[in-house]
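Examination of the molecular architecture
One-letter residues, chain by chain:
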Amino acid sequence: MPRGRYSLHDPHDHTPLGEERFQCATGPSGWRYVSTTTHASGAPAGSVDLAIDALGRPIRLQLRSADWQVRAAALDGVTWVRTDPSGEHATEGNVRAHAFTGVSPAFHVALARLLRLTPGGPPARVRLVSFTAPVLAPLTVDQSWSLVSRTPHPTDNGTLDVDEYQVSALDTGERHTVHLAGDVVLSAPGIELEDLESPPSVFD
């Protein structure tokens, strides 16, 4: 069960935004990731609880940020309920999309699991719903993902494959790179793995 800490920063000017302390686990029914986030000051920022099934579909997502809350799942595309800080109002949303995305590294792992790309193969186009901090406002985005390479790295626990993905935003053409090892993000825009207490889990 990998657990560790990511540092989060602005992907453009590298301003520190905080940290995300996480643990995750694979199982016969899928994969689950839970984390708590803090601001750069150390103050609590929110939490993430994401579960995907064996096919990589998001069966449960719960986000908290600045007293806002989102509960979501794959249902007729993707469906969510967003609650305001007062708890008096809740708004529902539904989009014909494949999955969710956001600041958390969890979304990169979940989407890679859903797409199951092959190195050097054709890219996959996906529609995602992003929940933007701090108020978790939903935004529909279209991306293209391709698995550029898979490189084996020897470790004390055997060989670990590191996957390099190229991700393109289809509305702006902006591209970035995501490096994954099993169910852990090694690096991505705005994300750096700072500490890992146990090796990544490898999906079957």
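As a starting point, this report considers the structure included with it. Nothing here was measured: the structure is a model prediction, and the numbers come from that model. (Residues numbered from 1 in each chain as written. Predicted model: local features only at pLDDT ≥ 70, side-chain atom pairs only at ≥ 80, totals over all residues. Heavy atoms only, no water.)

**Looking at the pairing of strand E6 (residues 68-74)**
Here five bridges tie strand E5 (residues 58-65) to E6, and the two strands are oriented antiparallel to one another. Considered in E6, the bridge of leucine 63 is made with valine 70. Counting the residues that bridge the hairpin from E5 to E6 gives two residues, and of these alanine 66 lies at a positive phi of roughly 50°. Pairing between E6 and strand E7 (residues 78-83): six bridges, direction antiparallel. Paired with glutamine 69 across the strands is threonine 83, a residue of E7. Linking two consecutive strands that pair antiparallel, namely E6 and E7, is a turn of three residues; a positive phi of about 50° is found at aspartate 76 within it. (Pairing = 2+ DSSP bridges. Helix = DSSP H or I, 4+ residues; strand = E, 2+ residues; numbered from the N terminus.)

**Some remarks on the pattern of salt bridges**
When their charged atoms lie close together, side chains carrying opposite charge are able to pair. Scanning the entire structure with this criterion turns up seven salt bridges. We note a salt bridge from glutamate 19 to arginine 5, for which the minimum N-O separation is 2.9 Å. Taken together, the residues span a long stretch of sequence, with glutamate 19 in strand E2 (residues 16-27) and arginine 5 in strand E1 (residues 3-9) at a distance of 14 residues. Here the salt bridges share partners, and the residues they tie into one network are Arg5, Glu19 and Arg21. (Salt bridge = Lys/Arg side-chain N within 4 Å of Asp/Glu carboxyl O.)

**A short note on unusual backbone geometry**
Following alanine 133, the chain continues into proline 134 via a peptide bond in cis, with omega recorded as 5°. In this structure, arginine 116 takes a positive phi of about 50° despite not being glycine. Within the element layout of this structure, arginine 116 appears in the loop between helix H1 (106-115) and strand E10 (124-132). Under the relative-accessibility criterion, arginine 116 is labelled partly exposed at 39%. For leucine 136, which is not a glycine, the phi torsion comes out positive at approximately 60°. Mapping leucine 136 onto the fold places it in the loop between E10 and strand E11 (137-155). (Buried < 20%, exposed > 50% of the residue type's maximum accessible area, 1.4 Å probe, protein only.)

**Side note on the pairing of strand E8 (residues 90-95)**
Two faces belong to every sheet, and in a regular strand the side chains alternate between them. With six bridges joining them, E7 and E8 adopt antiparallel strand pairing. From the neighbouring strand, valine 81 faces E8, where its bridge partner is glutamate 92. The hairpin formed by E7 and E8 contains six residues between the paired strands, and glycine 87 there has a positive phi angle of roughly 75°.

**Some remarks on the packing of aromatic side chains**
Under the definition given, this model contains seven aromatic pairs. Centre to centre, the rings of tyrosine 6 and phenylalanine 22 are 4.6 Å apart; their planes meet at 20°, and the pair counts as stacked. Pair noted here: tyrosine 6 is in strand E1 and phenylalanine 22 is in strand E2, with a separation of 16 residues, a long-range link. For tyrosine 6, a relative accessible area of 1% puts it in the buried group. According to the relative accessible area criterion, phenylalanine 22 is buried, its value standing at 4%. Three or more aromatic residues joined by ring pairs make a cluster, and in this case those are Tyr6, Phe22, Trp31, Tyr33 and Phe203. (Phe/Tyr/Trp six-rings, centres within 6.5 Å; stacked < 30°, edge-to-face > 60°.)

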